[in-house]
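One letter stands for each residue in the lines below.
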Amino acid sequence: MIVKRISEFILFLLILSAVSFVLIQAAPGDPVRSMMKTDDTAISAEQMDSLRKELGLNDPILLQYGKWLIRFFQLDFGHSYMTKQLVIDELLKTFPATLELTFSSLLVMTVIAVPLGTLAALYKGKWQDHLSRIFALAGAAVPSLWLGLLFIQLFSVKLGIFPSMGKGSISHLILPSLTLGIAMAAVYVRILRSSLLESLSQDFIRSAKARGLSNSRIFIHHTFRHSLTPVITIFGISLGSLLGGTVIIEVLFGYPGAGKLVVDAILKRDYPIIQGYILLMGALVCMINILVDLSYRYINPELRIKEANKR
């Protein structure tokens, strides 16, 4: 199983690298002209052509990809066209900030979604359920970008409580984390509610009640645990998309993460940075999904029993 997973992982990265490399090269724009603007220096056509040859941009695209692939297997992602720094160094310098934003957003999502989803399931049809439904509908209907703008206007411009841009203290994380976390929580509230209601109707819950177990023990050790399987499936997908999807929020709040780095790279046609970012995100998403698959057998005892019966 592990060998199969590793083979699939390598094949996925190769396909992703080939597709992204071709698409990046086919996109309009000229990195040499962007470099000229960056350096603010007048360069002749001969010098531009010489720079293109130096960067290998005049080579056929297959040859460019072949050279890049050889360096990739040597764990060399190349140098940024703009800063001349190693791509891996540029990504590692900004990625911790993206991770901070990702996990703080997940914390906000968990704090909102777990209580609301649980109350909606335990008090089905009552005001707690209606409240969670209104929150889920409102959260799904409001775009993150607009929500972020509202937060900036209210908490930064009007009240002056939190900074609207930059990174430096925990207060800089609050508004972007709330923006991302609330948008995610709207989805998870309904997923958790549905999953809990399905778990509550299972035979093993009735058996646990018949054995005289307390309601709190049944809920924590049986109902909630059983309901986690679909939640974790969506969570794995969300975590990957969240890591890659913080781009808009990082740009909106001027947050110096990997998402903002790649947006700047796209604007300046810094191909090595774009390619390195895509591969890093692809690798992370793939690893997260593998971990999610492996976690099923530890969360859901039914899967372990079924696998044991097949042997």
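Residues numbered from 1 in each chain as written. Predicted model: local features only at pLDDT ≥ 70, side-chain atom pairs only at ≥ 80, totals over all residues. Heavy atoms only, no water.

Taking an unreviewed UniProt entry as the reference, the chain is identified by name as Nickel import system permease protein NikB belonging to Metabacillus sediminis. According to the UniProt record, the Subcellular location (unreviewed entry) comment for the chain is "Cell membrane". Taken from UniProt, the Sequence similarities (unreviewed entry) comment for the chain reads in full: "Belongs to the binding-protein-dependent transport system permease family. OppBC subfamily." (UniProt positions renumbered as here; feature names shortened; annotations may be inferred.)

(A) Structural view of the environment of Phe9. Assignment of secondary structure puts Phe9 in helix α1 (residues 2–26). Classification of Phe9 as buried rests on a relative accessible area of 17%. Each C-alpha atom, one on Phe9 and one on Pro115, is 36 Å from the other, the two residues being 106 residues apart in sequence. Excluding residues within four positions of it along the chain, Phe9 makes contact with Ala283, Cys286 and Met287. (Helix = DSSP H or I, 4+ residues; strand = E, 2+ residues; numbered from the N terminus. Buried < 20%, exposed > 50% of the residue type's maximum accessible area, 1.4 Å probe, protein only. Contact = heavy atoms within 4.5 Å.)

(B) A look at the packing of aromatic side chains. Enumeration over the complete set of coordinates arrives at 9 aromatic pairs. An angle of 45 degrees between the planes, with centres 6.3 Å apart, marks the rings of Phe21 and Trp68 as tilted. Note that Phe21 is positioned in helix α1 and Trp68 in helix α4 (residues 61–73), a separation of 47 residues in sequence. Ring geometry for Trp68 against Phe72: centres 5.2 Å apart, planes inclined by 10 degrees, an arrangement best described as stacked. One end of the pair is Trp68 and the other is Phe72, both in helix α4 and 4 residues apart, which spans about a single turn. When sorted by exposure, Trp68 lands in the same class as Phe72, which is buried. Three or more aromatic residues joined by ring pairs form one cluster here, namely Phe21, Tyr65, Trp68, Phe72, Phe73 and Phe77. (Phe/Tyr/Trp six-rings, centres within 6.5 Å; stacked < 30°, edge-to-face > 60°.)

(C) Spotlight on the pattern of salt bridges. For the coordinates displayed, the defined rule picks out 8 salt bridges. Residue Asp203 pairs with Arg206 through a salt bridge whose shortest N-O separation is 2.4 Å. Here Asp203 pairs with Arg206, and both are found in helix α9 (residues 203–210), just 3 residues apart, close to one helical turn. Using a relative accessible area of 53% as the deciding quantity, one classes Asp203 as exposed. What makes Arg206 partly exposed here is its relative accessible area of 48%. (Salt bridge = Lys/Arg side-chain N within 4 Å of Asp/Glu carboxyl O.)

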